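Here is what each chain is made of, one letter per residue.
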Protein chains: 2
Amino acid sequence: MHRTRVRVVESALDANDTIALANRADFDRAGVAVVNLMSAPGAGKTTLLERALPSLPGVRVAVLEGDVAGSLDADRLSLLHVPVTQLNTDQGFGGECHLDANMVRSALPEVPLGDIDLLVIENVGNLVCPAEFRVGEDARAMVCAVTEGEDKPLKYPLMFRACELVVVNKIDLLPHLDVDLDALLRNIDAVNPDVPTLLTSARTGEGVEGLREWLVGVASREPVR
Amino acid sequence: MHRTRVRVVESALDANDTIALANRADFDRAGVAVVNLMSAPGAGKTTLLERALPSLPGVRVAVLEGDVAGSLDADRLSLLHVPVTQLNTDQGFGGECHLDANMVRSALPEVPLGDIDLLVIENVGNLVCPAEFRVGEDARAMVCAVTEGEDKPLKYPLMFRACELVVVNKIDLLPHLDVDLDALLRNIDAVNPDVPTLLTSARTGEGVEGLREWLVGVASREPVR
């Protein structure tokens, strides 16, 4: 029973990877770099994007906004005059806990790929499954709020390993928490040695310049595919 | 393709419900009430249990601790001299994002059902899938930290609807946040009208007495199955 189940899941992942390659080909044709941004619910992805996206030097950006239900984040981001496409995962069932390549593919006709350099895909808030499904992205980044505690890298290692940038957000709250920032950074390094980390407060703007620079760097990467 | 997929998921849920009933029968035979406790990662489930469980009047309690990886929370709770069973979901794949009835069933031989009145199942941190899988519990409760923002009930409605208690935690941080507590409570009420809410700070202990009373109430319910 268990073996059968694993086989089904692996076959679903193979199908996902095939569709991710098709997305990748579309992004390449349009010359668009793609970031898959992940986190637990409420870690601050949208607020960070509100801070970082309006002043990305020389980069035309759009957002694909993944949510189980509603368009709250898309509504917030559209105020920035950045093209935003809403992708809800609640069709036909209680809701998918992640975006997969096929869901992203279904939204691509609504994304103005010909007019942008960078697409940021804001994934569903979840520290497990989003890391298992590639969607055709160039780079994966995650946001980890210090309020979540220093143990999260050890409890959700795949997510921290899957990313090439970890944004440690809400650092303005550190004086009010019993959270050990050094222990958090050590735990991140333990599961993904030498992964770059950025300390930010989306609320105050501290550190957001580093995220901006990272996004510009991804947008200017030479395609090596 | 989409229709087929939904059918597979529904059939998996049917199988889950069958196993949940078998768990339920085992709990009934032992006279054990069961709470399924859910939240996003880092909302404070374990810290709340550390506060609430040592002084549950007249109730012998054990914990079944669900995590993708590691035994950090189980190690913390075992310091309370409460029986704790660790259940990891990372076998064979990148990790399951929720507990299902079969996972719980596989752990039951390690749970001292004959010696307890109440079993608290601490689910994997995730606001989507745990709400879709019954495990044989009497009651479901969730913890929502104010740090996650006031919009979470609207973005993850199934989780808020599935619960008969919503614990609003980390209220000690409210003076340091741009979060509107009244709006959060209104949003909870909008998706699950009249669900009881408890305002708590696991850090200071404020409000934890209410959680204790609720747990005692579940433990003393007459089985109506």
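Before reading on, note that the structure itself is shown above.
To keep things clear, this report deals only with the structure shown in the data block. Along each chain, residue indices are assigned from 1 in the same order as the chain's sequence is written. All chains are assigned letters beginning at A, and all ligands numbers beginning at 1, according to the order in which they are written. Given that the model is predicted, a residue must reach a pLDDT of at least 70 before its local features are reported, and side-chain atom pairs must reach 80 or more before they are shown or counted; all residues, however, enter totals for whole chains, interfaces and linings. Water and hydrogen atoms play no part in the side-chain values, which are based on all heavy atoms of the structure.

## Here we look at the relation of the copies chain B and chain A
C-alpha atoms of residues with pLDDT of at least 70 in both copies form the basis for the least-squares superposition of the copies. Structural alignment of chain B on chain A gives an RMSD of 0.0 Å, achieved by rotating through 180° and translating 0.0 Å along the axis. In short, the pair behaves as if placed about a two-fold rotation axis. Residue B:Asn126, judged by its C-alpha, is the member of chain B lying nearest the rotation axis, at 3.0 Å. In what follows, a contact means two residues having at least one pair of non-hydrogen atoms within 4.5 Å. In this assembly, 100% of the residues forming the interface of chain B have copies in chain A that are likewise at the interface, indicating an isologous arrangement.

## Observations concerning the interface of chain B and chain A
Contact with chain B, which involves 44 residues of that partner, is made by 44 residues of chain A. Only one rule defines a salt bridge in this text: a Lys or Arg side-chain nitrogen within 4 Å of an Asp or Glu carboxyl oxygen. If you look at where chain B meets chain A, you find six salt bridges. Two residues, A:Asp67 and B:Lys155, come together in a salt bridge whose shortest N-O distance is 3.6 Å. Any N or O atom pair separated by 3.5 Å or less is treated as a polar contact, with the protein-specific requirement of one donor-capable and one acceptor-capable atom, and with residues adjacent in sequence counted only for side-chain atom pairs. Inspection of the chain B/chain A interface yields eleven residue pairs in polar contact (both at pLDDT 80 or more). Looking at the side of chain B that touches chain A, the elements with two or more residues in it are α1 (2–30), α3 (72–78), α5 (152–155) and α6 (157–162) of chain B. Here a strand is any run of E in DSSP of at least two residues, a helix any run of H or I of at least four, and the numbering for each starts at the N terminus. Among the elements that take part in the side of chain B that touches chain A, α1(B) stands out by supplying five residues, more than any other.

## So, the packing of helix α2 (residues 45–52) of chain A against helix α8 (residues 208–219) of chain A
Residue and element names in this part refer to chain A. Think of each axis as a best-fit line through the C-alpha atoms, taken over the contacting stretch in the case of a helix, with angles from 0 to 180 degrees between the N-to-C directions. Taken N-terminus to C-terminus, the directions of α2 and α8 make an angle of 80°; their axes are 9 Å apart at the nearest point. On the basis of the axis angle, α2 is roughly perpendicular to α8. On α8, the residues touching Leu48, Arg51 and Ala52 of α2 are Val208, Leu211, Arg212 and Leu215. For this scheme, ten residues count as nonpolar: Ala, Val, Leu, Ile, Met, Phe, Trp, Tyr, Cys and Pro. Four count as charged, namely Asp, Glu, Lys and Arg, and the remainder, Gly too, count as polar. Looking at the contact of α2 with α8 residue by residue, the class counts come to five nonpolar, no polar and two charged. Every angle not falling under 35 degrees, over 145, or within 65 to 115 is termed oblique; those three ranges are roughly parallel, roughly antiparallel and roughly perpendicular.

## Here we look at the pairing of strand β3 (residues 84–88) of chain B
Residue and element names in this part refer to chain B. With a 1.4 Å probe rolled over the protein chains alone, any residue whose accessible area is under 20% of its type maximum counts as buried; one over 50% counts as exposed, and the rest are partly exposed. Only one face of β3 is covered, namely the face carrying Thr85 and Leu87; the face carrying Val84, Gln86 and Asn88 is uncovered. Strand pairing is assigned whenever DSSP detects at least two bridges linking the two strands. Bridge analysis of strand β2 (residues 61–67) against β3 gives five bridges, and the strand direction is parallel. When the sheet's bridge partners are listed, Glu65 is paired in β3 with Gln86.

## Regarding the sheet that holds strand β1 (residues 33–39) of chain B
Residue and element names in this part refer to chain B. Ordered in space as β3-β2-β4-β1-β5-β6-β7, the seven strands form an open sheet in which the pairing is parallel. With partners counted over all chains shown, the strands left at the sheet margins are β3 and β7 (197–199), one partner each. Each strand of the sheet is rotated relative to its neighbour by a mean of 20°, with strand direction disregarded. Here five bridges tie β1 to strand β4 (residues 118–122), and the two strands are oriented parallel to one another.

## What about the environment of A:Val124?
Here A:Val124 lies in the loop between β4 (118–122) and β5 (139–145). You can call A:Val124 buried: its relative accessible area is 1%.

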